[in-house]
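Topology and contacts: notes
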Amino acid sequence: MTMQLARANGAMARPELLGLSPDRLFVVVSRLVALTLLVVTLSILSPHFLTWSNLINVVRHAAPLFLLSAGLTLVVLTAGIDLSVGAVLGLSGCIAASLITGGDPVLGIAAGLGAGLACGLVNGALVSYAGVPSFIATYGMMWIANGLAYVFMQGEVIYGLPAEFRLIGAGFLGPIPMPVLIMFGTLAALHVLLHRTPLGRGIYAIGGNPVAARLSGMPVHRRLVFVYAMSGLMASFAALVVVARTNAADVSLGEEQLLPAIAAVCLGGTSLFGGVGGVTGTAVGALILALVLNGMNLLGVNTFWQAGVLGFIILVSVFADQIVGGRIGRAGGAT
Amino acid sequence: MDQQTQPLVAMRGISKRYGGVQALADVNLDIYAGEVQALVGDNAAGKSTLIKILSGAVPRDSGAIHFDGREVDIGAPRDAKALGIETVYQDLALADNLDVASNIFLGRELTLNGPLRPFLDLRRMEEDARTLLSRLKINIPSIRQKVRSMSGGQRQSIAIARSVYFNARVVILDEPTAALGVEETRKVYDLVREMRSHGLAVLMISHNLNHVFEHSDRITVLKTGRLVGTRRVAETSRDEILRMIVSGEADPLPAAGQREAVS
């Protein structure tokens, strides 16, 4: 932004509520209203919606989606993108499932997470040290991870995982489903990371003004490697939860994971331009997506229509943010 | 500020080439504590490159930098900051999406003590930011406001305050008032005077010769990457400086100013 613009805008410094500028407040309120409306509407339309077993079903789908999109959120906050998250989920899930059913669950989990971390580290090194645009670097990684999954699986389908392992996707701790615990634990940890550590500050600063971040003397390269590594690691974490839930794995595991993950990030109000948003929004976004999908299934919406409905919702939410952000932002410089 | 023999910063024989362009050729520059040193010259004179080398944003091809009498290696912004050399860039180098306190502590966040050491000390950063701004008489409505919504003058003040907080010994200002109104400009120069009276060395790029003559102690003229000369404000005139900027030739020095000139 130019200084002239800043000066013109500065005259009308806007009041802030709860530490949020009006355009951010709109994002938060609109998502909470959407969530409430969804729950109320679905409760009225379907007698099966507000049942314990259905709600558990919803969170079991929301949790891995959240894990995947939370890692992606870190990348998006630095104004990057990670297109490889779905494929990395697939590769990690296949490796883990194969080793776990082979009789070594600890090795399987470690290898699965390690594969995700390795992919993320390569992405991070390419983006930060080699200067490859994140879109290109992670697009390449998407095909590499996908290809490796095919080579590794040789057309095999793995099913029937041990019950102890399945706990993380389908189990309970007391009355609380494990995926819920995992989701909220991860959310809390990432929230603290983003808002209470110098690293988190740095992630926002890099997304807001990469030049300022570099000139401030912070280790920008290492922080970029960190976010891509986290994105890969979170994708493999999500893979474990998905495999545990579905009790099966094959090369198609990672298909159709990328777009919902991006959707959850957008629905959660994180700007694809970087520097604005957070993982709490992404959790809400993942929950909204899971509810919409569940609702459409309950109401018998044709599967062919479901993807279109999702796309429509994403466009409406991002468009509304832009209109509101632009209208208020004209006074605040959200250009 | 009379007759300081030892400059705080001495840049010697600094050269920098960008591809086929010689941005700086064998330039010397001395900066003294408690003085404002202005850097003037036409476009492409090499002013920005010179300050970027001192602030660690750009590596030099050759030459040496002495700080406080000893040779130092400045290869990255962090090195300069560690020495107490702070830079306020023309484009401000603030993160618009963060609030005032976050920007003041950008890259040097304060953390809690003991086992909580990995975590930010948000309260202390806010308190210190508030104290700092009131000490410098900078008027900001809220320390939690995003920088994005602030005026150019407020943003410039925040950028300068940042350098003051970290006990800068040298503050580099790149066109500090280029985009500011009259009142805001006055406030920024109040800050410059404040820093000088605290014994800081200020190096300032400006295109406005009125400001330069009003607020600085020494003027160094560059042209197309070469040093034309350095004059004390008390011993030169606007005409002489203008001639140096335009012609790139230094007038023969008057006897009194001779020993001050760096050539």
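Presented here is an overview of the structure given in this document. (Residues numbered from 1 in each chain as written. Chains lettered and ligands numbered in written order. Predicted model: local features only at pLDDT ≥ 70, side-chain atom pairs only at ≥ 80, totals over all residues. Heavy atoms only, no water.)

1. Examining the overall build of chain A
A tally of helices and strands in chain A yields 14 helices and 4 strands. Taking 20 Å as the expected radius of gyration for a compact globule of 335 residues, we find that chain A reaches 20 Å, a close match to that expectation. C-alpha atoms of chain A, sized along the principal axes, occupy 65 × 55 × 35 Å. Each of the 335 residues in chain A was classed as buried or not, and the buried ones make up 51%. Taking all contacts inside chain A whose residues are at least 6 apart in sequence as the whole, residues at least 24 apart take part in 77%. Of the roughly 14700 Å² that chain A leaves accessible, carbon and sulfur atoms contribute 72%. Distance between charge centres in chain A, computed from 14 positive and 10 negative side chains, equals 18 Å. (Helix = DSSP H or I, 4+ residues; strand = E, 2+ residues; numbered from the N terminus. Rg over C-alpha atoms; globule rule 2.2 N^0.38 Å. Buried < 20%, exposed > 50% of the residue type's maximum accessible area, 1.4 Å probe, protein only. Contact = heavy atoms within 4.5 Å. Areas by Shrake-Rupley, 256 points an atom, 1.4 Å probe, with all protein chains shown as cover. Lys, Arg positive; Asp, Glu negative; His and termini not counted. Charge placed at Lys NZ, Arg CZ, Asp CG, Glu CD.)

2. Quick word on the overall build of chain B
If you tally the helices and strands in chain B, you get 8 helices and 10 strands. Judged by the C-alpha coordinates and their principal axes, chain B covers about 60 × 40 × 35 Å. The buried share of chain B, taken over its 263 residues, is 60%. In chain B, once contacts between residues fewer than 6 apart in sequence are set aside, the share between residues at least 24 apart is 64%. Each charge class in chain B can be summarised by its mean position, and for the 34 positive and 33 negative side chains these summaries are 3 Å apart.

3. Observations concerning empty space enclosed by the protein
Applying the stated criterion to the full structure yields 3 cavities of 30 Å³ or more. Volume-wise, the largest cavity comes out at about 90 Å³. Taken together, 13 residues make up the lining of the largest cavity; nearest its centre are A:Leu215, A:Ser216, B:Lys81, B:Thr87 and B:Tyr89. Elements represented by at least two residues in the lining of the largest cavity include exactly helix 10 (210–215) of chain A together with helix 2 (77–83) and strand 6 (85–88) of chain B. Considered class by class, the residues forming the lining of the largest cavity number 7 nonpolar, 3 polar and 3 charged. (1 Å grid on protein atoms, 1.4 Å probe; cavity = no way out; pocket = protein on both sides within 12 Å on 5 of 7 lines; lining within 4 Å. Points joined across faces, edges and corners; volume = space filled by probe spheres on them. Nonpolar A, V, L, I, M, F, W, Y, C, P; charged D, E, K, R; others polar.)

4. Some words on the packing of aromatic side chains
Scanning the model with the defined rule gives 5 aromatic pairs over all chains in all. With 6.4 Å between their ring centres and 10° between their planes, A:Phe135 and A:Tyr139 make a pair best called stacked. Note that A:Phe135 and A:Tyr139 are positioned in helix 6 (residues 134–153) at a spacing of 4 residues, about one turn of the helix. A centroid spacing of 4.9 Å and a plane angle of 80° characterise the contact between B:Tyr165 and B:Phe166, whose relative ring orientation is edge-to-face. These aromatic residues form a ring-pair network of at least three members: A:Phe135, A:Tyr139 and A:Trp143. Its guanidinium or amino end placed over the ring of B:Phe166, B:Arg108 lies 3.7 Å from that ring's centre, counting from NZ or CZ. (Phe/Tyr/Trp six-rings, centres within 6.5 Å; stacked < 30°, edge-to-face > 60°. Lys NZ or Arg CZ within 6 Å of the ring centre and 35° of its normal.)

5. A short note on the sheet that holds strand 8 (residues 201–205) of chain B
All names here are of chain B. Within the open sheet, the 6 strands sit side by side as 6-7-8-3-9-10. Their pairing is mixed. What marks the edges here is a single partner per strand, and that holds for strand 6 and strand 10 (226–232). Strand after strand, the sheet turns through a mean of 20° between neighbouring axes, direction not considered. (Pairing = 2+ DSSP bridges. Axes fitted to C-alpha atoms, helices over the stretch in contact; angles between N-to-C directions.)

6. Focus: the pairing of strand 1 (residues 9–18) of chain B
The side chains of a regular strand alternate between the sheet's two faces. Residue and element names in this part refer to chain B. Most of strand 1 sits inside the fold, with 7 of its 10 residues counted as buried. Pairing geometry for strand 1 and strand 2 (residues 21–31), over 7 bridges, is antiparallel. Its bridge partner lying in strand 2, Arg-17 is registered against Gln-22. In sequence, strand 1 turns back onto strand 2 through a hairpin of 2 residues, with Gly-19 there showing a positive phi of about 55°.

7. Some remarks on helix 13 (residues 279–298) of chain A
All names here are of chain A. Taking 1.5 Å of rise per residue, the 20 residues of helix 13 would be expected to cover 28 Å, and the 28 Å separating its terminal C-alpha atoms lies within 8% of that figure. When you tally the buried positions in helix 13, you get 15 out of 20 residues, the bulk of the element. Positive backbone phi, at 70°, marks Gly-300, one or two positions downstream of helix 13. (Expected span 1.5 Å × (residues − 1).)

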